[in-house]
Amino acid sequence: TFATQNLSTSSAAQPVTLSNTGSSVLNIALIRVSGDYSRTTTCGTTLMAGASCSISVSFSPTATGTRSGVLAVVNNGVTLCFVPLNGSSIGATASLSATTLGFGGQNLGSTSTARTVTLNNAGNVVLNIASISANSDYGVSHDCGAGLGAGGSCTLNITFSPTGTGSRSGNIRSEVHTAELQSRQYL
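It should be emphasised that the depicted structure is a prediction, and the values quoted were computed from it without experimental measurement. (Residues numbered from 1 in each chain as written. Predicted model: local features only at pLDDT ≥ 70, side-chain atom pairs only at ≥ 80, totals over all residues. Heavy atoms only, no water.)

## Topic: the sheet that holds strand β11 (residues 115-121)
The line we're drawing: We call two strands paired when DSSP finds no fewer than two bridges between them. Numbered from the N terminus, helices here are DSSP runs of H or I no shorter than four residues, and strands are runs of E no shorter than two. Only the stretch in contact is used when fitting a helix axis, every axis being a line fitted to C-alpha atoms; angles between N-to-C directions are given from 0 to 180 degrees.
Taken in spatial order, the 4 strands make up an open sheet running β10-β11-β15-β13, and their pairing is antiparallel. Two strands lie at the open edges of the sheet, namely β10 (94-96) and β13 (138-142), each paired on one side alone. Strand after strand, the sheet turns through a mean of 25 degrees between neighbouring axes, direction not considered.

In structure tokens, the structure reads:
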């Protein structure tokens, strides 16, 4: 069992000792882990009678909440032994109330009325906001500040100011810092 780990970070490795308590050589075809876990090992393909080797398991959660997996030692398709792996993760989870906006016809050189989109942090840690910007013929203002607390929300006000005729597309981009830099496109 691993302590609570921040999303997209790696825990310190926890050791597991594999011992051959039998009287003959133990053949090891595979030592595998599943889920959000990784492993390194000093074990080879055989383990002599009475010998031991080490397996180090790390937890790198890819999603928040409880994360389970298994460490298994396998030979000839048979699981010789296994260890359940458990951990939980916390992190910021950004979501938007809308991912597409349509502004309709807008006169060239004028600015539309702002359309509102809510940015939510459904996670359980602060969502640090590095920047929120618009490209093309779009503008954005917001009341998000530098971060959103766990369960918090803020408002993005998006405007359209066409510089040409015809259909005009663009994106609103938010760069947020959780455990690592992530970019999300919104519009």
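The discussion continues.
## Quick notes on the layout of surface pockets
Going by this rule: In the cavity and pocket records, a cavity denotes points on a 1 Å grid over the protein atoms alone where a 1.4 Å probe fits but cannot get out, a pocket denotes an open set with protein on both sides within 12 Å along at least 5 of 7 lines, and lining residues are residues with an atom within 4 Å of a point. Grid points are joined across faces, edges and corners, and a volume is the space filled by probe spheres set on the points. For this classification, the nonpolar set comprises Ala, Val, Leu, Ile, Met, Phe, Trp, Tyr, Cys and Pro, the charged set comprises Asp, Glu, Lys and Arg, and every other residue, Gly included, is treated as polar.
Put simply, the largest pocket is a space of about 200 Å³. Lining of the largest pocket is provided by 19 residues; of these, Gly104, Tyr138, Phe160, Gly166 and Arg168 occupy positions nearest its centre. Residue classes in the lining of the largest pocket are distributed as 7 nonpolar, 11 polar and 1 charged.

## Points about the state of the cysteines
Note the following rule: The term disulfide is used for any two cysteine sulfur atoms that are within 2.5 Å. Summary of the burial criterion: residues with accessible area below 20% of their type's maximum are buried, those above 50% are exposed, and those between are partly exposed, where the area comes from a 1.4 Å probe applied to protein chains only.
Tallied over the entire structure, the rule returns 2 disulfides. The disulfide bridge from Cys43 ends at Cys53, spanning 1.8 Å between sulfur atoms. Looking down the S-S bond of the Cys43 and Cys53 bridge, the torsion is 90 degrees, so its handedness is right-handed. Taken together, the residues Cys43 in the loop between β5 (37-41) and β6 (46-47) and Cys53 in strand β7 (residues 52-59) connect sequence positions 10 residues apart. Like Cys53, Cys43 is buried. Note that Cys144 is cross-linked by a disulfide to Cys154, the S-S spacing being 2.0 Å.

## Details of the sheet that holds strand β9 (residues 78-90)
Strand order in this open sheet of 4 strands is β1-β9-β8-β4, and the pairing throughout is mixed. Of all strands in the sheet, those bounded by a partner on one side alone are β1 (5-6) and β4 (30-33).

## A word on the nonpolar core
Just so we agree on the cut-off: Take the buried Ala, Val, Leu, Ile, Met, Phe, Trp, Tyr and Cys residues and link them wherever side-chain atoms come within 4.5 Å; each set so joined is a nonpolar core.
Grouped together as the largest cluster of nonpolar side chains are 18 residues, with contacts concentrated most on Leu119, Cys144 and Ile158. Every element with two or more residues in this core is listed here: β10, β11, β12 (127-134) and β15 (153-160). Among the elements that line this core, the one with the most residues is β15, at 4 residues. Val57, Phe59, Leu71 and Leu85 belong to the second largest nonpolar core, which has 14 residues in total.

## A short note on the pairing of β15
What you see with β15 is a clean split: Cys154, Leu156, Ile158 and Phe160 sit on the buried side and Ser153, Thr155, Asn157 and Thr159 on the side with no burial. Relative to β15, β11 runs antiparallel, the two being bridged by 6 bridges. Opposite Arg115, over in β15, you have Ile158 as the bridge partner. Bridge analysis of β13 against β15 gives 5 bridges, and the strand direction is antiparallel. Each bridged residue has a counterpart across the sheet, and for Gly139 the counterpart in β15 is Thr159.

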